[in-house]
Amino acid sequence: MERTTLVQHIRQQEKANPGATGEFSSLMNEIMVAAKIISLQVNSAGIGEDIFGLTGKINIHGEEVKKLDEFSDITFTKIIGQSGTVCAITSEEKEEPFIIPIEDDRGKYIFMMDPLDGSSNIDVNVNIGTIFSIYRKKSLGDIVTDEDLMQKGEDQIAAGYIVYGSSTIFVYTSGQGVHGFTLDPTLGEFFLSHPDLVIPERGSTYSINEGNWVIWDESQKDLVAYLKEDDPSTGRPYKLRYIGSLVADFHRTLLKGGIFMYPKDTKSPKGKLRFSFEAAPLAFIVEQAGGKASTGNQRILDITPTSIHDRLPLFIGSKNDVEMSEKRLAATVNKGSWFKWLSG
Ligand code: AHG
Ligand code: MN
Ligand code: MN
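1. Re the site of ligand 1
Move 1: In the vicinity of ligand 1 there are 18 residues, among which Asp117, Ser119, Asn209, Tyr242 and Tyr262 approach most closely.
Move 2: Contact between ligand 1 and Ser119: an oxygen atom at 2.8 Å from a main-chain N or O atom of the residue.
Move 3: Leu246 is positioned with one of its backbone polar atoms (N or O) 2.9 Å from an oxygen atom of ligand 1.
Move 4: When isolated, ligand 1 has an accessible area of 470 Å², and the protein chains bury 85% of it.
Move 5: Residue assignment for the shell around ligand 1 shows that the elements contributing at least two residues are strand S5 (109-117), strand S13 (259-262) and strand S14 (273-274).
Move 6: Broken down by element, the residue count for the shell around ligand 1 peaks at three residues, all from S5.
Move 7: Here the shell around ligand 1 is built from residues that sort into six nonpolar, five polar and seven charged.

2. A word on the packing of helix H2 (residues 23-43) against helix H3 (residues 67-81)
Move 1: Contact geometry of H2 with H3 gives a least axis separation of 9 Å together with a crossing angle of 155 degrees. Taken as axis vectors, H2 and H3 run roughly antiparallel relative to one another. Once H2 is placed against H3, the crossing between them reads as right-handed. Residue-level contacts link Leu27, Glu30, Ile31, Val33, Ala34, Ala35, Ile37, Ile38, Gln41 and Val42 of H2 to Leu68, Phe71, Ser72, Thr75, Phe76, Ile79 and Ile80 of H3.
Move 2: In the contact of H2 with H3, the residues fall into 13 nonpolar, three polar and one charged.

3. So, the pattern of salt bridges
Move 1: Summed over the entire model, instances satisfying the criterion amount to 21 salt bridges.
Move 2: Residues Lys57 and Glu70 are paired through a salt bridge, measuring 2.5 Å at the closest nitrogen-oxygen approach. Of this pair, Lys57 sits in strand S1 (residues 54-58) while Glu70 is found in helix H3, placing the two residues 13 residues apart along the sequence.
Move 3: Where salt bridges share partners, they join Lys152, Glu154, Glu287, Arg299 and Asp302 into one cluster.

4. Concerning the coordination of the manganese ion (ligand 2)
Move 1: Donor atoms from the polypeptide that bind the manganese ion (ligand 2) are Asp114 (OD), Asp117 (OD) and Glu278 (OE), placed at 1.9 to 2.2 Å.
Move 2: Every donor residue of the manganese ion (ligand 2) comes from the same chain, spaced as D-x2-D-x160-E.
Move 3: Taken as a pair, the manganese ion (ligand 2) and the manganese ion (ligand 3) show a spacing of 3.8 Å, with Asp114 coordinating each metal. This pair shows no difference in class: Asp114 is buried, exactly as Asp117 is.

5. A look at the packing of aromatic side chains
Move 1: This model, assessed by the stated rule, comprises ten aromatic pairs.
Move 2: A ring pair is formed by Phe76 and Phe111, whose centres lie 6.2 Å apart and whose planes are at 20 degrees; its orientation type is stacked. Note that Phe76 is positioned in helix H3 and Phe111 in strand S5, a separation of 35 residues in sequence.
Move 3: Phe76 sits in the buried class, given a relative accessible area of 0%.

6. Observations concerning the domain arrangement of the chain
Move 1: On domain assignment, one finds that the chain holds domain 1 (6-194) and domain 2 (205-343).
Move 2: Computed from C-alpha atoms alone, the centre-to-centre distance between domain 1 and domain 2 is 25 Å.
Move 3: If you look at the interface, domain 1 gives 49 residues, while domain 2 gives 34 residues.
Move 4: For the pair domain 1 and domain 2, the summed buried surface comes to about 2900 Å²; carbon and sulfur atoms form 64% of the total.
Move 5: When the buried area of domain 1 at its contact with domain 2 is split by residue, Ile131, Met150 and Tyr161 rank highest and sum to 20% of it.
Move 6: Scanning the region where domain 1 abuts domain 2 turns up two salt bridges.
Move 7: The partner of Arg274 in a salt bridge is Glu92, with the nearest N and O atoms 3.4 Å apart.
Move 8: Put simply, the parts of the chain that give the side of domain 1 that touches domain 2 at least two residues each are strand S3 (86-91), S5, strand S6 (128-136), strand S7 (158-164) and strand S8 (168-173).
Move 9: Of the residues forming the side of domain 1 that touches domain 2, the biggest block, seven residues, is contributed by S6.
Move 10: Looking at the side of domain 1 that touches domain 2 residue by residue, the class counts come to 20 nonpolar, 20 polar and nine charged.

7. A look at a nonpolar patch on the surface
Move 1: On the surface, Val124, Val126 and Ile243 cluster together into a nonpolar patch covering about 210 Å² of accessible area.
Move 2: Topologically, Val124 is positioned in the loop between S5 and S6.
Move 3: Residue Val124 is classed as exposed on the basis of its relative accessible area, which comes to 52%.

8. Considering the side chain of Gln151
Move 1: In this fold, Gln151 is placed in the loop between helix H4 (146-149) and S7.
Move 2: When its relative accessible area of 3% is taken as the criterion, Gln151 is described as buried.
Move 3: Polar contacts involving the side chain of Gln151 include one to the main-chain carbonyl oxygen of Arg136, which spans 2.9 Å.
Move 4: A distance of 3.0 Å separates a polar side-chain atom of Gln151 from the backbone oxygen of Asp148.

Parameters at a glance
Residues numbered from 1 in each chain as written. Chains lettered and ligands numbered in written order. Predicted model: local features only at pLDDT ≥ 70, side-chain atom pairs only at ≥ 80, totals over all residues. Heavy atoms only, no water. Near = heavy atom within 4 Å. Polar contact = N/O pair within 3.5 Å; in protein donor to acceptor, adjacent residues only side chain to side chain. Areas by Shrake-Rupley, 256 points an atom, 1.4 Å probe, with all protein chains shown as cover. Helix = DSSP H or I, 4+ residues; strand = E, 2+ residues; numbered from the N terminus. Nonpolar A, V, L, I, M, F, W, Y, C, P; charged D, E, K, R; others polar. Axes fitted to C-alpha atoms, helices over the stretch in contact; angles between N-to-C directions. Parallel < 35°, antiparallel > 145°, perpendicular 65-115°, else oblique. Left-handed = near helix turned anticlockwise from the far one by under 90°. Contact = heavy atoms within 4.5 Å. Salt bridge = Lys/Arg side-chain N within 4 Å of Asp/Glu carboxyl O. Donors = N, O, S within 2.8 Å, 3.2 Å for Na, K, Ca; no water. Buried < 20%, exposed > 50% of the residue type's maximum accessible area, 1.4 Å probe, protein only. Phe/Tyr/Trp six-rings, centres within 6.5 Å; stacked < 30°, edge-to-face > 60°. Domains from an automatic or database assignment. Buried area = accessible area lost by both parts, 1.4 Å probe. Patch = residues over 30% accessible without salt bridge, like charges linked within 9 Å, V, L, I, M, F, W, Y side chains within 5 Å.

Okay, structure coming up:
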């Protein structure tokens, strides 16, 4: 049986772009190499090198840095940084962008990553992943500016993620559909396993940390209560699935349909997930697969961040489920203001 490798696929997609120089293919190939190294490390966590546990450091988001977070961050930064295809790298784990010195080999792309997503699941053998996003340097000249590092979601050139799970899967889009590749561990090669992924228009599951119920606002409570009501004619109640690794929850949602939500709450008034490293890349992928991604009232890809670590609420998945959620949220907000007006 003839199988398409990830390298072949990337080259074919790049060829479809007039004026392509091969730089994009090189970058994607380096991402694949870093992903293979991390996959190997994840699969052998616990044996040999001590990769479980904490580094003792706290990152810019105030979260404890696990050893695997740090290992993934360093591996990606080294490999991508030396690829000659990027001029800057931003990471969830790094407060400041890493700018490739002008005298070094650098290229026209900006690489953004959540090097290890789902950190809380590392030590318990539950799926974790990497999320990445690629933009082209916008400003002219050698200096990397804020305009380059904080681009509108829609300006992404490519985005993808890798799930380190029961198998390792690499999913990416360069604006020509979404394609998934599974790592054959015997050959160490990714093969096309999920060509032209399309998310079901509507699903039957919702995914949210429902333990946060008491810190949600009324509109969020109303939405989740609605999904749990018994009404077979509208497919309710929905099933609840929540892994706690965005990449894994998203991967399931992409394949099976439904909605993933991380709303704002009193603990994270702006939302918990990060625009550049989590929401924007997955929004690009879901739209390419026919789905939707929203803050609850705004399309994610219409947003231009104001800092590289911006956070926001995320509602992502099947088109009908995201649209229904937006409508429902808006209706309760309006009901709330009517109530205040009447009782005020
Ligand atoms: P990270 O491990 O990169 O910091 O991301 C964790 C994120 C995301 O993967 C997941 O969806 C969410 O945090 C889980 O948060 P809760 O534990 O609050 O549910
Ligand atoms: Mn994450
Ligand atoms: Mn992370």
